[in-house]
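Structure assessment
Read off the chains here:
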Amino acid sequence: MNFKPSLFVWMAGVALVVAGCSGWAGPNSLGQHVLVVCKTTPDQQAAAQKLSNQYFSQVASGKKARPMRRYVAVQTLDPNQKQRGKYVQTRAAVQKKAESNGETLGAGWVDPTQLHCIMVFDVVTHESVGTNCYVVGSMPTVGSIETYDTFPAEFVASSAEFLSH
């Protein structure tokens, strides 16, 4: 086992957690789409709550099918400047590690202008399951199931879907 790269990855993870975002997801570890995890802003929390409330209202009125899981994921406001900065730092660390291993950075690491945020809500309480914003480079398709931290959640609503309603 090569101790130095493992120590580097561990230290980078600790630094990111201390800085407010973690890089334990997506192409660099867990989950298919998640690139970094950040704390949500009040505006992101409010936008996600509004979107989830619209979704839950449509389920209650029969316009949308009940989700198949206990948790659902919805899009919220795109990452702010600080969150994009954390993504850029994480991407740079992953790129450096890849280059040291003779590899290239994976295609999932997109330009920071293409990033989006997702939040997870509990179907029973209709409340968010935490204060995390899951930063993704591409939106999952409606109905797909991804794991965000430890929550397997069905993606049920993108902002674009509800802007016209």
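For the structure, check the block above.
Residues numbered from 1 in each chain as written. Predicted model: local features only at pLDDT ≥ 70, side-chain atom pairs only at ≥ 80, totals over all residues. Heavy atoms only, no water.

Bringing unusual backbone geometry into the picture now. Trans peptide bonds make up most of the peptide bonds, and negative phi angles are found at most residues other than glycine. The phi angle at His126 is positive, at roughly 65 degrees, despite the residue not being glycine. Residue His126 is classed as partly exposed on the basis of its relative accessible area, which comes to 31%. Phi angles above zero are rare outside glycine, and Asp149 is one such case at about 55 degrees. Along the chain, the position of Asp149 falls in the loop between β6 (145-148) and β7 (151-157). (Buried < 20%, exposed > 50% of the residue type's maximum accessible area, 1.4 Å probe, protein only. Helix = DSSP H or I, 4+ residues; strand = E, 2+ residues; numbered from the N terminus.)

The relation between two aromatic rings is expressed through the spacing of the ring centres and the mutual angle of the planes. Following the criterion strictly, the structure yields four aromatic pairs and no others. Ring centres 5.7 Å apart and planes at 25 degrees place the aromatic pair Tyr87 and Trp109 in the stacked group. You can see Tyr87 sitting in helix α3 (residues 81-100) and its partner Trp109 sitting in the loop between α3 and β4 (116-122), a full 22 residues away along the chain. Each member of the pair, Tyr87 together with Trp109, is buried. Residues Tyr134 and Tyr148 carry aromatic rings whose centres are separated by 5.2 Å and whose planes lie at 55 degrees to one another, so their mutual orientation is tilted. (Phe/Tyr/Trp six-rings, centres within 6.5 Å; stacked < 30°, edge-to-face > 60°.)

Next up on the list: the pattern of salt bridges. According to the stated counting rule, one finds one salt bridge in the structure shown. We note a salt bridge from Asp122 to Arg70, for which the minimum N-O separation is 2.7 Å. Here the residue Asp122 occupies a position in strand β4, and Arg70 occupies one in the loop between α2 (42-60) and β3 (71-76), the gap between them amounting to 52 residues. Arg70 sits in the partly exposed class, given a relative accessible area of 44%. (Salt bridge = Lys/Arg side-chain N within 4 Å of Asp/Glu carboxyl O.)

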